[in-house]
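# Coordinate analysis (summary)
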Number of protein chains: 2
Amino acid sequence: MNTLSPQPLTAQAFAPFGDVLDATGDFRLINDGFCQRHHDLAQVDTGGSKTGISIFQAQPRALPYRFDLIERHPEGSQAFIPMTQHPFLVIVALNTTSQPVAFLTNGAQGINLHRGTWHGVLTPLHAPGLFAVVDRIGTTTNLEEYRYPSAFTVLG
Amino acid sequence: MNTLSPQPLTAQAFAPFGDVLDATGDFRLINDGFCQRHHDLAQVDTGGSKTGISIFQAQPRALPYRFDLIERHPEGSQAFIPMTQHPFLVIVALNTTSQPVAFLTNGAQGINLHRGTWHGVLTPLHAPGLFAVVDRIGTTTNLEEYRYPSAFTVLG
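Because the structure is a prediction, the values reported are computed rather than measured. All residue numbers refer to position in the chain's written sequence, counted from 1. Throughout, the order in which chains and ligands are written sets their labels, letters from A for the former and numbers from 1 for the latter. Residues qualify for local features only when their pLDDT is at least 70, as the model is predicted, and side-chain atom pairs are given and counted only at 80 or more; totals for whole chains, interfaces and linings, by contrast, use all residues. Computation of side-chain values covers all heavy atoms of the structure but excludes hydrogens and water.

Residue and element names in this part refer to chain A. Between Lys or Arg on one side and Asp or Glu on the other, a salt bridge is scored when a side-chain nitrogen of the former is within 4 Å of a carboxyl oxygen of the latter. Enumeration according to the criterion identifies 12 salt bridges over all chains in this entry. E75 is the salt-bridge partner of R136, the closest N and O atoms lying 3.0 Å from each other. Of this pair, R136 sits in strand β14 (residues 129-137) while E75 sits in the loop between β7 (65-72) and β8 (78-82); the two residues are 61 residues apart in sequence, bridging distant segments of the chain. A relative accessible area of 11% means that R136 is categorised as buried. Where helices and strands are cited, they refer to DSSP runs of H or I of at least four residues and of E of at least two residues respectively, numbered from the N terminus. Throughout, exposure labels follow a simple rule: accessible area from a 1.4 Å probe, protein chains only, divided by the maximum for the residue type, with under 20% read as buried, over 50% as exposed, and the rest as partly exposed.

Laid out in structure tokens, this is it:
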């Protein structure tokens, strides 16, 4: 049976796929010391095209979560910033022949998928599934999909 | 006495200053109908320089809130996306001689300040004051400050 156990999202484990966006690590103090700026955490790469901000409102899913589809955007990176403090599920894969990997955020983390990274669709686990998304704005399709021959299940 | 009453943040009222980033208005259904994409809501303008994502962790403030400083970034827009569902205070001004305006978000809104918009420092009203910020990454100062001759107070 194709099962995955979600692991805690860390910058080190996620490095092959993208960036973790959180308030850990180095920062600059700004605004008279009232604010920490954790500076420039994402490899935003929209290939020279416009970079935009969209808002996604996704229906929450539940664990165990079954999926057989992954996708990627060959023309640009894609950042998902939760507008809630709820953990969400992140599914990524190095390629279509390797085992996918499931991560669970800690409720104070966004992610930036590097350009071309295979990933599952947006999977909040709690309502409202509200995210800001920073990605390439363009007129081309910028989407490839792959369906696994048999489904995977992310365990709860 | 220089007092301001915060008004609800709406796209119409905020239009002279920037964009409201929320899940209202038109959308495209993606991910087999599981997700609404409210597409390309912000005028991201970093003047040809790199656009980056940073994480700000700001100390919460309380109302009434007294301020005499506003600032602007002449070289780029700046988006603030709350990573919580807490309302936050937004102070903006058309110019240094006009009365500043205070808005209160509804807990499901981010903002994008247009390039050059005068604004107060980041003012969450609840902990954690955690925001993703999309702005210009560069080596120049990209900051102008103005101090009012007498302070304003935003009423609670």
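Aromatic ring pairs: the centre-centre distance and the angle between the two ring planes describe each pair. Pairing of aromatic rings covers Phe, Tyr and the six-membered ring of Trp, with a centre-to-centre limit of 6.5 Å; geometry is then stacked below 30 degrees between planes, edge-to-face above 60, and tilted otherwise. A full pass over the atoms with the stated rule returns 21 aromatic pairs over all chains. Considering the side-chain rings of B:F14 and B:F103, the 5.5 Å spacing of their centres and the 90° angle between planes classify their relative orientation as edge-to-face. In this pair, B:F14 sits in helix α1 (residues 11-14) while B:F103 sits in strand β10 (residues 101-104), placing the two residues 89 residues apart along the sequence. Under the relative-accessibility criterion, B:F103 is labelled buried at 1%. Plain terms: the ring middles of B:Y146 and B:Y148 are 5.4 Å apart, the flat faces sit at 90° to each other, and that makes the pair edge-to-face. Judged by its relative accessible area of 6%, B:Y148 is buried. Here the guanidinium or amino end of A:R61 rests over the ring plane of B:F34, the centre of that ring lying 3.6 Å away. Charges are assigned to positions over rings by a cutoff of 6 Å between ring centre and Lys NZ or Arg CZ, combined with an angular limit of 35 degrees from the ring normal.

Here we take up the interface of chain A and chain B. Residue contacts are defined here by distance: any two heavy atoms, one from each residue, within 4.5 Å place the two residues in contact. At the interface, 47 residues of chain A touch 47 residues of chain B. Once two parts are put together, the accessible area they lose, assessed with a 1.4 Å probe and summed over both, is termed the buried area. Approximately 3900 Å² of surface area, both sides summed, lies buried where chain A meets chain B, with 58% of it carried by carbon and sulfur atoms. One can count 4 salt bridges joining chain A with chain B. In this structure, A:K50 and B:D40 form a salt bridge, with 2.9 Å as the shortest nitrogen-oxygen distance. In protein, a polar contact means a hydrogen-donor-capable atom and an acceptor-capable atom, both N or O and within 3.5 Å, with residues adjacent in sequence counting only if both atoms are side-chain atoms; elsewhere, any N or O pair within 3.5 Å suffices. Counting across the chain A and chain B interface gives 16 residue pairs in polar contact (both at pLDDT 80 or more).

Let's shift gears to the sheet that holds strand β6 (residues 50-58) of chain A. Strand order in the open sheet made by the 7 strands is β3(A)-β11(A)-β8(A)-β14(A)-β6(A)-β5(B)-β4(B), with antiparallel pairing throughout. Strands at the two margins of the open sheet, each flanked by one partner only, are β3 (18-21) of chain A together with β4 (28-30) of chain B. Strand-to-strand twist in this sheet, taken as the mean axis angle between neighbours without regard to direction, amounts to 25°. Pairing between two strands is assigned when DSSP locates at least 2 bridges connecting them. Sheet topology places β6(A) next to β14(A); 9 bridges connect them, and they run antiparallel. Bridging from a neighbouring strand, A:I53 pairs with A:V134 of β14(A). Only the stretch in contact is used when a helix axis is fitted, and all axes are lines through C-alpha atoms; the angle between N-to-C directions ranges over 0 to 180 degrees.

With an RMSD of 0.0 Å, the operation that places chain A on chain B is a rotation of 180° combined with a shift of 0.0 Å along the axis. In symmetry terms, the pair is related by a two-fold rotation axis. Our superposition of the copies is a least-squares fit, built on the C-alpha atoms of residues whose pLDDT is at least 70 in both.

Now for the nonpolar core. The nonpolar side chains of a soluble globular protein tend to be buried with one another. The term nonpolar core refers to a set of buried residues drawn from Ala, Val, Leu, Ile, Met, Phe, Trp, Tyr and Cys, joined through side-chain atoms within 4.5 Å. Formed by 22 residues in total, the largest nonpolar core has its most connected members in A:I53, A:I81, B:I53 and B:I81. When residues of this core are traced back to their parent elements, those giving at least two are β6, β8 and β14 of chain A together with β6 (50-58), β8 (78-82) and β14 (129-137) of chain B. Setting aside residues no more than four positions away along its own chain, B:I81 makes contact with A:I53, A:I81, A:M83, A:A132, B:L21, B:G110, B:L130, B:F131, B:A132 and B:V134.

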